[in-house]
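# Understanding the architecture of this molecule
Below are the chains, spelled out letter by letter.
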Amino acid sequence: MLGEVICVHHDLPEEAGVEAALLYLADKLVQGERTVSLHQRFGAKRSLCRTPKALAAWERRYHRALQAAEQLGLDIA
């Protein structure tokens, strides 16, 4: 169980459970040693997307983070 949750903390699948969504968000809300918003975290990474494939992956991850926050009832965007 724990391994399954950790396995998806970079790329959260649609069918992920609450535990995985929580870890995914925890990962996205920290940058280095400081707490950041989803907008700050993903905004900083968007400029690094140099190909359509990279941009599509960025968009998918950002939208999954927003969905996870909504699923958990969190207002953290």
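Just above sits the structure.
Rules of the game
Residues numbered from 1 in each chain as written. Predicted model: local features only at pLDDT ≥ 70, side-chain atom pairs only at ≥ 80, totals over all residues. Heavy atoms only, no water. 1 Å grid on protein atoms, 1.4 Å probe; cavity = no way out; pocket = protein on both sides within 12 Å on 5 of 7 lines; lining within 4 Å. Points joined across faces, edges and corners; volume = space filled by probe spheres on them. Helix = DSSP H or I, 4+ residues; strand = E, 2+ residues; numbered from the N terminus. Nonpolar A, V, L, I, M, F, W, Y, C, P; charged D, E, K, R; others polar.

## Notes on the layout of surface pockets
A volume near 200 Å³ is recorded for the largest pocket. Lining the largest pocket are H10, D27, K28, R41, F42, K45, A54, A57, W58 and R61. Only α2 (18-28), α3 (38-46) and α4 (52-71) provide two or more residues apiece to the lining of the largest pocket. With four residues, α4 is the single largest residue contributor to the lining of the largest pocket. For the lining of the largest pocket, the class distribution of residues is four nonpolar, one polar and five charged.

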